[in-house]
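# Summary of the model geometry
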Amino acid sequence: MKALLPVFDETREKPYYLQLYSYIKDAILAGEIREGEKLPSLRSLARSTALSITTVEQSYNQLLVEGYIYAKPQSGYYVSRVLTGRSQTVPAEAGDREAEVFTIEETPGPDLPPMQYDPECFDFNKWKKCMNKILNDYSPSLMYEGSPQGESALRTEISRYLYTSRGVKCTPDQIIIGAGTQQITNQLATLLRKLGVEHVALEDPGYMPVRNAFRDRGFAITSVAVRNNGLAIEKLPANIQAAAYVSPSNHAYTGSVMPIGRRYELLSWAEENNSYIIEDDYDSELRYFGKPIPALKSLPGSDRVIYLSSFSSTLFAALKISYMVLPAEMARVFSSIAGDYSPTCSKLEQLTLAMFMESGLYQTHIKKLRKLYSQKLTRITEAFLAKAPDFVRVINSSSGISIILEIDSPKTPGQIKKDAEGIGIPAVCVGRRIILYYNQIPLSEIDGAVSQLAELWRQ
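The structure reproduced in this document is the subject of the present report. (Residues numbered from 1 in each chain as written. Predicted model: local features only at pLDDT ≥ 70, side-chain atom pairs only at ≥ 80, totals over all residues. Heavy atoms only, no water.)

### A few points about the sheet that holds strand β8 (residues 230-231)
Using the following cut-off: A pair of strands is considered paired only if DSSP assigns at least 2 bridges between the two. Only DSSP runs of H or I covering at least 4 residues are called helices, and only runs of E covering at least 2 are called strands; the numbering of each starts at the N terminus. Contacts are assigned to residue pairs with any non-hydrogen atoms lying within 4.5 Å of each other. To get an axis, fit a line to the C-alpha atoms, keeping to the stretch in contact for a helix; angles then go from 0 to 180 degrees between the N-to-C directions.
Read from one edge of the open sheet, 8 strands run β5-β12-β11-β10-β9-β6-β7-β8, paired in mixed fashion. The two strands at the open ends of the sheet, each matched to only one other strand, are β5 (175-178) and β8. Sheet analysis places strand β11 (residues 305-310) next to strand β12 (residues 322-325), joined by 4 bridges and oriented antiparallel. Pairing of S309 across the sheet is with Y323, part of β12. Sheet strands in contact with helix α6 (residues 181-194) are β5, β9 (243-246), β10 (276-280), β11 and β12, and its direction is about 30 degrees off that of β12. Packed onto the sheet, helix α8 (residues 260-272) meets β8, β9, β10 and β11 and runs at close to 140 degrees relative to β10.

### As for the packing of helix α5 (residues 152-166) against helix α10 (residues 347-358)
The line we're drawing: Crossing handedness is read from the near helix: turned anticlockwise from the far helix by less than a right angle, it gives a left-handed crossing, and turned clockwise, a right-handed one. Each residue receives one of three labels: charged for Asp, Glu, Lys and Arg, nonpolar for Ala, Val, Leu, Ile, Met, Phe, Trp, Tyr, Cys and Pro, and polar for the others, Gly being one of them.
At their nearest, the axes of α5 and α10 sit 8 Å apart, and the two run at 40 degrees to each other. For the pair α5 and α10, the crossing hand works out as left-handed. Packed against α5, whose contacting residues are A153, L154, E157, I158 and Y161, the element α10 presents Q350, L351, L353, A354, M357 and E358 at the interface. The residue makeup of the contact of α5 with α10, split by class, is 8 nonpolar, 1 polar and 2 charged.

### Quick look at the packing of aromatic side chains
Short version of the rule: Stacked, tilted and edge-to-face pairs are distinguished by plane angle, under 30 degrees for stacked and over 60 for edge-to-face with tilted covering the rest, among Phe, Tyr and Trp rings (Trp via its six-membered ring) whose centres lie within 6.5 Å. For every residue, the accessible area obtained with a 1.4 Å probe (protein chains only) is divided by the maximum for its type, and the residue is called buried under 20%, exposed over 50%, and partly exposed between those limits.
In this structure the tally under the stated criterion is 15 aromatic pairs. Between Y161 and Y362, the aromatic rings sit 5.2 Å apart at their centres with planes inclined by 75 degrees, giving edge-to-face as the arrangement. With Y161 in helix α5 and Y362 in helix α11 (residues 361-387), the pair connects residues that are 201 residues apart, well separated along the chain. Note on accessibility: Y161 and Y362 belong to one class, buried. Look at F311 and Y362: their rings are 5.6 Å apart centre to centre, the planes differ by 75 degrees, and that puts the pair in the edge-to-face class. One end of the pair, F311, is in the loop between β11 and β12; the other, Y362, is in helix α11, with 51 residues separating them in the sequence.

### Digging into the pairing of strand β15 (residues 427-430)
Pairing analysis gives 4 bridges linking β15 to strand β16 (residues 433-437), with the strands arranged antiparallel. Counterpart to V430 in the pairing with β16 is R433. Taken together, β15 and the strand that follows it, β16, pair antiparallel across an intervening segment of 2 residues, in which G431 is found at a positive phi of about 65 degrees.

### Remarks on the side chain of R166
The test is simple: Polar contacts here mean pairs of N or O atoms no more than 3.5 Å apart (in protein, one a potential hydrogen donor and the other a potential acceptor; neighbouring residues in sequence count only if both atoms are side-chain atoms).
Assignment of secondary structure puts R166 in helix α5. Reaching out from R166, the side chain makes a polar contact with the side chain of D281 at a distance of 2.7 Å.

### Here's the deal with the sheet that holds β16
Taken in spatial order, the 4 strands of this open sheet run β13-β14-β16-β15, and their pairing is antiparallel. Here the strands that pair on one side only, and so sit at the sheet edges, are β13 (392-396) and β15. Each strand axis lies, on average, 30 degrees off the axis of its neighbour in the sheet, ignoring direction. Inspection of the sheet shows strand β14 (residues 402-407) paired to β16 by 5 bridges, in the antiparallel sense. By the bridge assignment, L405 is partnered in β16 with I434. Where helix α12 (residues 413-422) meets the sheet, its contacts fall on β14, β15 and β16, and the angle it forms with β15 comes to roughly 170 degrees.

### Quick notes on the pattern of salt bridges
Applied cut-off: We define a salt bridge as a side-chain nitrogen of Lys or Arg found within 4 Å of a carboxyl oxygen belonging to Asp or Glu.
Inspection of the entire model under this criterion finds 16 salt bridges. Here E234 ties to R262 by a salt bridge, and the two come within 3.8 Å at their closest N and O atoms. Separated by 28 residues along the polypeptide, E234 in the loop between β8 and β9 and R262 in helix α8 bring together distant segments of the chain. The class of E234 is partly exposed, set by a relative accessible area of 48%.

Now the structure itself:
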């Protein structure tokens with residue numbers, strides 16, 4: 001294997017872990033390090049590069065997340081097969097001719113900077129231990145397809161967790177597990193149709209994949225504005241059976257929270273119109289000041305509430321496990337048609353998550369995440385106040401994994417978004433506002449990132 005001898009830019013415009021990551025990635029893409037080759041150990045590479053073990057581990061973790069390398073327990077890190085858009089020659093077995101690897105062009109391109117990544121956000125070693133235990137102790141069950149409703153072990157753990165963390169009382173039989181919010185929404189649309197519901201009211205602004213799912217299923221859609229106190233309930237459809245999709249505890253695009261009185265108004269609307277409420281409780285656990293706001297589903301009279309949540313923001317984005325809690329009537333309908341569906345989530349990942357929760361690791365992780373993200377939120381809010389008080393206004397700073405900004409800049413929202421993504425920070429435009437996802441910026445690098453953004457946006 002090629003000796004890893006990177007030359008670092010001492011000006012530190014780019015963190016050392018990203019410089020090392022880029023060096024190894026480029027060597028893999030150029031075919032200088034080949035598929036299956038073992039990389040130096042963390043300690044060995046730290047010694048040869050004069051970097052800390054933590055810095056080298058950050059680089060390897062970024063390569064792991066992006067699929068350039070993989071880890072073997074008690075063995076080390078190895079180069080994955082990477083389809084690069086360049087022809088690579090695979091070392092031939094004895095007697096075999098050299099083979100060309102089928103290749104695909106890189107998307108979106110090698111010049112796009114990597115996204116920010118903070119290894120403090122999730123301990124993959126603990127996750128790996130749970131997965132290894134499933135593989136070692138429960139491997140026979142993996143030889144059979146899982147339940148279309150989701151694995152019973154995970155549904156049981158979710159029902160317990162919802163009661164202790166969100167006040168939601170439900171049985172495992174009421175829980176349906178699916179591969180992401182959009183897939184869950186497609187299943188829900190089928191159920192609503194079977195109950196005679198063909199009209200949905202969606203938040204504006206709202207989550208586009210949900211709107212697309214209902215649109216593609218032929219539902220009539222009413223857009224309802226979200227104000228400072230949540231969805232405009234008086235604008236909901238009246239005298240017809242419908243479903244209203246709401247985010248009462250943390251509306252991602254405005255930061256609004258629905259007060260308790262308005263929540264009871266919403267429950268009354270559902271009861272009076274023989275309708276349903278779809279409660280998206282995304283990020284509700286990640287509230288950093290005061291007590292978490294109770295779920296709508298936890299209130300008396302919430303029999304018409306369908307509760308949705310996901311693990312992607314509390315664990316890691318590649319884990320596409322979402323779930324919904326159905327009213328008892330709807331759960332019986334799903335049970336009658338469950339045989340028409342195949343499971344959409346990896347059985348191995350579901351069982352791993354069940355063990356992660358049963359062992360208490362998930363609850364411990366959430367506590368750690370709240371502390372870390374509250375520190376980041378405070379740091380980034382203070383940084384914008386210090387470095388851009390004249391043209392950046394912070395709108396929401398109490399929960400979630402993003403911060404909402406109003407920016408007085410000659411640049412368009414699209415250009416502002418592009419500037420943020422150019423230094424590895426995901427962003428979304430909502431009108432003149434920008435939603436900036438700060439959660440993966442390492443705490444120590446937030447001030448530098450905000451300085452870069454302020455300079456770019458001021459131009």
